[in-house]
Amino acid sequence: MTASRPAEPLGEELSRLAELHGVATAYRPSPDRTVPAAPGAVVAVLAALGVDASTPQATAAALAARQQELAERLLEPTVVGRHGSTPAALDALPDGTRLHIRTEQGETRASADQLPPGIHHLTATAPDGRTAEAHLVIAPDRLPTPTGRSYGLMVQVYSLLSRHSWGMGDLGDLGELTAWAGRSLGAGFVQVNPLHAAVPGAPTDPSPYRPSSRRFPDPVYLRVEDIPEFAYVGEADRDRLRGLLDRAARLRESVLEKDALIDRDAVWEAKREALELVRQVPLGPGRRAAYVDFLAREGEALEDHATWSALAETHGSDWHRWPAGLRDPRSPETARARTELMDRVDFHCRLAWLTDSQLTAAQRAAREAGMPVGIVHDLAVGVHPDGADAWAQQRYFAAGMSVGAPPDAFNSLGQDWGLPPWRPDRLAESGYAPYRRLLRALFRYAGALRIDHVMGLFRLWWVPQGRPPTEGTYVRYDAEAMLAILALEASRAGSVVIGEDLGTVEPGVRETLRERGVLGTSVLWFERDWDGDGRPLDPGRWRADCLATATTHDLPPTAARLTGEHVELRDRLGLLTRPVEEERIESATDVGEWLALLSGLGLREPATGGGRPASEEEAEIHAVHRFLLRTPARMIGVWLPDTVGDRRPQNLPGTWDQYPNWRLPLADADGRPVTLEELAASPRLHALVEVLRAGLDAGQGGGGGGGP
């Protein structure tokens, strides 16, 4: 339906209707300011939820229908409880209501007392004859949390090349990094960028935060030589394979020695051709059995993903432009196409299996190296509207909507991320099936999971298509259900969860996440006494339940922050909204306040010139990390570029083709690419690691005074 925009402000009936569907009619960009939502946004969002509010008459009818539905409803479609207690929704049922529960474990019960954790099926019958069926989620009170303090490395996998890479970092490199970091550096984890499957294109969108699928990983990260069948490619194809290896070497050398950017499209083209050759080698009985098990485990979701991939090869990667019948994953036309393209569908299924296997091997290498956590994977907040998940799960996505952020003190225009949001009503009706299957898939090879924009478990800013982000509004999700399923799946895997909770956070959200065991994210430059004098926050006042870092992939490396080079970069690209001198003064003041605190705590050591640290810059970076160790944070993250003095951010928000986002290799202070082998021998890295290990061995954390 087409939602027309009312000329008048929100009326009482429209406001009540929106509230009953979890659609906000106002938002607060700051504690002392409330902004009403644009009426057109509320009407458009309701339309995306299947509710017609385009006229006063339609609004009144929809409100009456919703009120009647809620009055007659015995239970919500998904009911949540915690292990060891009866869900409150069941206690509120009319006296005499009969329950029939079929547990996930196969039992049948008439009571909800002491149910095991799981997703159960519930039927309730009230004395007045009303019945209801619901998904009953019973989850642990809290998620697993780290058993002790540790530090770890944070890396964009594509950026770390070894002498075996094909022009970008791969899962073989990740396995090597984790094994070395655990055994030689005493690291407890390695955090990586999202490794979700990308939408193919010309060129492919390099951002790992706009994936085709969050459920399946990207085969561009495969280490082709590590596939067992690689060694048995037939003699007739050996010359062609050698040619591909030569091409891979040229791609690697262009990045490492000729100042070229990472070209994932060229890397993928070479790998795809090699994988086609490898696929011709028959699987042995054991490997065949493992592949069949993978197909059975992943079921329809994998078949859909592989079908979309095969269709994209023929019709392009935007499924909205495909022939009409193929836009529906359940249509007869799609079924026929799947049969016709069965060989290509199997190829993409095989790639998903191989990538899953190498991810599992990388996590196993991390644990065998002694890492208590291992690999921390990253879950992007959404998916590309043209990709496989948006095609296969259309009923769960809100058509015509995009996720973003409202205007705030940092961005007066708001943000539109171009990612379709999940419909909360459809999620609840399904028992959150796509969400829990996604989590279960990722937790198979994740020692921990970082959830990008974790506030999205509570609410998301929906922007109607064709309208600016200022004309959006918040839509609420059932956070209790989202967190319960997260706790259930994380506990089953024994995995930790870290929420990226930077920026504007709704009151009570951080407290709820902490109560459920979700760690937060604290970045040094943002940790100030915002409710007091605004000065840098003393380490003893930091929260313990967090991953503490100096920077992230969206921020300047620490060396650039300390020197002010990030201001000069933004000035060169025309990104400043104020005179450059004002920006320089503000940056220098910010850094100066932090360095004064570090000096006051006795954390800065003099540079020795010929020893370690070799420069004042390195001494300051050491002091920053000594400070992080002084906080009570359970996990200390070290941005890998900081270990070698890299100045360049991996992503510069607000840019597209003005800056090579997501395409830069790890480099030293002079911009020279650094290989994994060189990294392992870097005196600068080892000097910083000594600081970290000494601090952890000394049991630092939770105090504000004393020496280093």
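Just so you know, these numbers come straight off a predicted model, no measurement behind them. (Residues numbered from 1 in each chain as written. Predicted model: local features only at pLDDT ≥ 70, side-chain atom pairs only at ≥ 80, totals over all residues. Heavy atoms only, no water.)

1. Topic: unusual backbone geometry
For clarity, the cut-off: By definition, any uninterrupted DSSP run of H or I lasting at least four residues is a helix, any uninterrupted run of E lasting at least two residues is a strand, and each is numbered from the N terminus. Think of it in three bands: with a 1.4 Å probe and only protein chains considered, a residue is buried below 20% of the maximum accessible area for its type, exposed above 50%, and partly exposed in between.
The peptide bond linking Ala202 to Pro203 adopts the cis configuration, its omega dihedral lying at 0°. The residue Asp259 is not glycine, and still its phi comes out positive at about 65°. The topology assignment puts Asp259 in the loop between α6 (238-257) and α7 (264-279). The exposure class assigned to Asp259 is exposed, which follows from its relative accessible area of 66%. The phi dihedral of Trp662 falls on the positive side, at around 65°, and the residue is not glycine. Residue placement: Trp662 occurs in the loop between β21 (635-639) and α20 (676-680). For Trp662, a relative accessible area of 7% puts it in the buried group.

2. Examining the packing of aromatic side chains
What counts is decided by this rule: Here a pair means two rings of Phe, Tyr or Trp (six-membered ring of Trp) with centres within 6.5 Å. Their orientation is stacked below 30 degrees between planes, edge-to-face above 60, and tilted elsewhere. Geometrically, a charge over a ring is one whose NZ (Lys) or CZ (Arg) sits within 6 Å of the ring centre while staying within 35 degrees of the ring normal.
Scanning the model with the defined rule gives eleven aromatic pairs in all. Ring centres of Tyr291 and Trp353 lie 5.1 Å apart, and the angle between their planes is 40°; this geometry places the pair in the tilted category. On the criterion of sequence distance, the pair formed by Tyr291 in helix α8 (residues 285-315) and Trp353 in helix α10 (residues 342-368) is long-range, its members being 62 residues apart. The exposure class assigned to Tyr291 is buried, which follows from its relative accessible area of 0%. Ring plane angle 90° and centroid distance 5.5 Å describe the contact between Trp594 and Phe627, whose orientation is recorded as edge-to-face. Of this pair, Trp594 sits in helix α18 (residues 580-600) while Phe627 sits in helix α19 (residues 616-630); the two residues are 33 residues apart in sequence, bridging distant segments of the chain. The class of Phe627 is buried, set by a relative accessible area of 0%. Aromatic ring contacts, followed pair by pair, group Trp525, Trp542, Trp594 and Phe627 into a single cluster. In this structure, Arg395 is placed above the aromatic ring of Tyr396, and the distance from its NZ or CZ to the ring centre is 5.2 Å.

3. Focus on the confidence of the model for the protein chain
As a reminder, the rule being used: Predictor confidence is given residue by residue as pLDDT, running from a minimum of 0 to a maximum of 100. The criterion used for residue contact is that any of the two residues' heavy atoms lie within 4.5 Å.
In this model, the protein chain carries an average pLDDT of 94, and 97% of its residues clear a pLDDT of 70 or more. Within the model, pLDDT remains below 50 along residues 1-7, and this stretch shows 17 contacts once partners closer than five positions in the same chain are excluded. Segment residues 703-708: pLDDT under 50, and 20 contacts once partners within four positions in sequence are set aside and those in other chains are kept.

4. Points about the sheet that holds strand β7 (residues 131-139)
What holds strands together in a sheet is hydrogen bonding between their backbones, with the strands either parallel or antiparallel. Quick note on the threshold: Here, any two strands with at least 2 DSSP bridges between them count as paired.
Spatial strand order, β3-β7-β6-β4-β5: five strands in an open sheet with mixed pairing. Looking at the sheet topology across the chains shown, the edges are occupied by β3 (78-82) and β5 (108-109). Examined bridge by bridge, strand β6 (residues 118-125) and β7 share eight bridges and lie antiparallel to one another. Bridge pairing in β7 links Thr123 to Glu133.

5. Concerning the nonpolar core
Taken as a class, soluble globular proteins show a tendency for nonpolar side chains to be buried jointly. In plain terms, the rule: Put simply, buried Ala, Val, Leu, Ile, Met, Phe, Trp, Tyr and Cys residues joined by side-chain atoms within 4.5 Å make one nonpolar core.
Residues Tyr151, Leu177, Tyr435, Trp462, Leu486, Phe627 and Leu679 are the most contacted members of the largest nonpolar core, which totals 163 residues. Tyr151 has contacts with Leu185, Gly186, Ala187, Gly188, Phe189, Ile636, Val638, Val689, Leu692, Arg693 and Leu696, leaving out every residue within four places of it along the chain. Residues Val79, Ala112, Ala126 and Ala134 belong to the second largest nonpolar core, which totals 16 residues.

6. Details of the pattern of salt bridges
Oppositely charged side chains can pair when the atoms bearing their charge come close. Going by this rule: For this document, the term salt bridge refers to a Lys or Arg side-chain nitrogen within 4 Å of an Asp or Glu carboxyl oxygen.
Counted under the stated rule, the structure contains 61 salt bridges. The salt bridge involving Glu300 is made with Arg330; its shortest N-O contact spans 3.2 Å. Linking Glu300 in helix α8 with Arg330 in the loop between α8 and α9 (332-340), this pair joins segments that are 30 residues apart in sequence. Of the charged contacts in the structure, one is a salt bridge between Arg584 and Glu581, with a shortest N-O distance of 3.1 Å. Of this pair, Arg584 and Glu581 both sit in helix α18, three residues apart, which is roughly one turn of that helix. Taking the relative accessible area as the measure of exposure, Arg584 reaches 32% and is therefore partly exposed. Judged by relative accessible area, Glu581 falls into the partly exposed class, the value being 43%. Through salt bridges that share partners, Arg215, Arg297, Glu298, Asp356 and Arg444 make up one connected network.

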